[in-house]
Amino acid sequence: MRNITKNQLKKAIFMRLGDFEDVVEKALPDVQVSYCEETLFYDAEPDRNVEKDEIYDALSKYFCVNVTSVHTDGYEDVGVWIVYQDITVPTEAPCPECYNSRFDDELTDKNDFASYTIGDSEKDYRMMYSSGYGEPPRIQFDKWSEEQRQWITVGKYYPKHCPECGREITEYPEVAK
């Protein structure tokens, strides 16, 4: 892999070109990605020059890692490798409320969901403290649907700090607060 020196370990995120285009659009709404002959191009307004560092910074914030390079695999079904190093979030969660897939490589955004009821609510309503499933810790408001026979989330609040330990929640920069 390019940009690797001897005894240096880096990790990579792999995604299809279309998914990469979506991520760049979320991270930098005014930039479009195009691909030609194993090369990625970043296009913006005619008077704006998009540098690779700007792309790497935006991807670093989006994925909460230090992106060092982006490569394509050049096959028919084009894939993009986002190479990164030095995860910017703490390696150990300070409390059980903060624990999620961004802290544990064995967890994914699909198997780290935790939730429990907090406070008092009227009949057919509840407030939950939830974390995981691709979202940062949150307080969510649910209503019981008699028709669907299940709880329906009607509102969410994403605190900037963990309500249990006070740690600033930084591992989900892609979720607007």
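As shown above, the structure is provided for reference.
The following paragraphs examine the structure supplied in this document. Owing to the predicted nature of the structure, the values given are computational and were not obtained by experimental measurement.

The rules behind the values
- Residues numbered from 1 in each chain as written.
- Predicted model: local features only at pLDDT ≥ 70, side-chain atom pairs only at ≥ 80, totals over all residues.
- Heavy atoms only, no water.
- Core = buried A, V, L, I, M, F, W, Y, C linked by side-chain atoms within 4.5 Å.
- Buried < 20%, exposed > 50% of the residue type's maximum accessible area, 1.4 Å probe, protein only.
- Helix = DSSP H or I, 4+ residues; strand = E, 2+ residues; numbered from the N terminus.
- Contact = heavy atoms within 4.5 Å.
- Axes fitted to C-alpha atoms, helices over the stretch in contact; angles between N-to-C directions.
- Parallel < 35°, antiparallel > 145°, perpendicular 65-115°, else oblique.
- Nonpolar A, V, L, I, M, F, W, Y, C, P; charged D, E, K, R; others polar.
- Salt bridge = Lys/Arg side-chain N within 4 Å of Asp/Glu carboxyl O.

### Thoughts on the nonpolar core
If you look at the biggest cluster of nonpolar residues, it comprises 25 residues, and the most contacted ones within it are F20, Y42, L59, F63 and V70. At the level of secondary structure, the elements contributing two or more residues to this core comprise β1 (11-16), α1 (17-27), β3 (39-43), α2 (52-63), β4 (66-72) and β5 (79-85). The dominant element in this core, judged by the number of residues it contributes, is α2, at 6 residues. Those residues within four positions of V70 in sequence are excluded, and the remaining contacts are F20, L40, Y42, Y56, L59, V80 and W81.

### As for the packing of α1 against α2
Following both chains from N to C, one finds α1 and α2 inclined at 95 degrees, their axes separated by 9 Å at the closest point. Comparing their axes, α2 and α1 come out roughly perpendicular. Listed contacts from α2 to F20, V23, V24, K26 and A27 of α1 are A58, L59, Y62 and F63. Along the lines of polarity and charge, the residues of the contact of α1 with α2 split into 8 nonpolar, no polar and 1 charged.

### Quick look at the pattern of salt bridges
Inspection of the entire model under this criterion finds 5 salt bridges. With a closest N to O distance of 3.8 Å, D124 and K123 form a salt bridge. Judged by its relative accessible area of 70%, K123 is exposed. The network of salt bridges with common partners includes E135, R138 and K156.

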